[in-house]
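# Tertiary structure, described
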Amino acid sequence: MRRKFLAGNLKMNGCSSSICELVDAITTRSKNFHDCDVVILPPYLYLNEVSLLLEKSHLSLGSQNICQFNNGSYTGEISAEMISELGCDYVLIGHSERRNFFLETNNHILEKVKRALENNLTPILCVGETMEERAAGQTENIIMDQISSTHDYIGISQQEKIIIAYEPIWAIGSGKAASENDVQDVLSSIRRNLETIGDSVTLIYGGSVNPENAQAIFEQADVDGGLIGGASLDEKKFVELARLLQEV
Ligand code: PEP
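Remember, it's a predicted structure, so these values are computed and weren't measured experimentally. (Residues numbered from 1 in each chain as written. Predicted model: local features only at pLDDT ≥ 70, side-chain atom pairs only at ≥ 80, totals over all residues. Heavy atoms only, no water.)

### Quick notes on the site of the ligand
- Taken together, 14 residues sit near the ligand, with Lys11, His95, Glu167, Gly173 and Ser208 positioned nearest.
- Measuring from an oxygen atom of the ligand, one finds a side-chain N or O atom of Lys11 at 2.5 Å.
- Contact distances for the ligand include 2.8 Å between an oxygen atom and a side-chain N or O atom of His95.
- Protein contact buries 95% of the 300 Å² of open area that the ligand shows by itself. (Near = heavy atom within 4 Å. Polar contact = N/O pair within 3.5 Å; in protein donor to acceptor, adjacent residues only side chain to side chain. Areas by Shrake-Rupley, 256 points an atom, 1.4 Å probe, with all protein chains shown as cover.)

### Let's talk about the environment of Glu118
- Relative to the elements of secondary structure, Glu118 occurs in helix H5 (residues 106-118).
- Taking the relative accessible area as the measure of exposure, Glu118 reaches 46% and is therefore partly exposed.
- As for Glu118 and Ala80, which are separated by 38 residues in sequence, their C-alpha atoms are 8.5 Å apart. (Helix = DSSP H or I, 4+ residues; strand = E, 2+ residues; numbered from the N terminus. Buried < 20%, exposed > 50% of the residue type's maximum accessible area, 1.4 Å probe, protein only.)

### Considerations on the packing of helix H7 (residues 139-154) against helix H9 (residues 180-193)
- One way to put it is that H7 packs onto H9 with a least axis distance of 11 Å and a crossing angle of 50 degrees. In terms of their interaxial angle, H7 and H9 are classed as oblique. Viewed along their axes, H7 and H9 form a crossing whose handedness is right-handed. Here Thr139, Glu140, Ile143, Met144 and Ile147 of H7 come into contact with H9, specifically with Val186, Ser189, Ile190, Arg192 and Asn193.
- Of the residues contributing to the contact of H7 with H9, the split by class is five nonpolar, three polar and two charged. (Axes fitted to C-alpha atoms, helices over the stretch in contact; angles between N-to-C directions. Parallel < 35°, antiparallel > 145°, perpendicular 65-115°, else oblique. Left-handed = near helix turned anticlockwise from the far one by under 90°. Contact = heavy atoms within 4.5 Å. Nonpolar A, V, L, I, M, F, W, Y, C, P; charged D, E, K, R; others polar.)

Written out as structure tokens, the structure is:
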């Protein structure tokens, strides 16, 4: 049985005090929402502080990235083992900002998924197409290509441990989410392509979700929740999204 799932990707925003205030407010205001899993993804630097704040709450902690290698001589990197030790249960992998600005390929992403699973972290694998790819009718191929490298390597049994976030690149941070029909079409095609395990994989949507457009998206049959960027920086908006998700 799939659980509803909402993650707030704080990206490289805030400072120690503003992030602690935000997380504290989200924790307090959402304490009665038990029907969905809510995860906060702060910058690495604040994982420890946020972990302490979340200790007695029902919210979970995740990191926005990990290194594709195990501990060793990789200056400036952070390993899956390290974030796991800090109390993370989840890790975002393959966000389009990592693919675009840091040139991460499907191969890097596959290695990161492996490190995550080896360290009992649930990967939130981000996939999505550009506007040009969509216009050329390539959405399904692009997305299945992004998923299949992990799917083929990891095998069916582990695939269920991955959350897949469909994030069209043109919708992220644009203020204009994909329409609920487009979201449903893509998520149902992912489920269809995953065949026997399709029904048990958690599929979420991300890209300019806000309290105005969320209900129509969350109501779609194949949408299990959302990955939230901008709106997660505002506790009222983020808590409202959790409430909407839990009530659909
Ligand atoms: C994201 O970057 O994962 C995201 C969904 O951002 P936004 O909600 O701001 O579009």
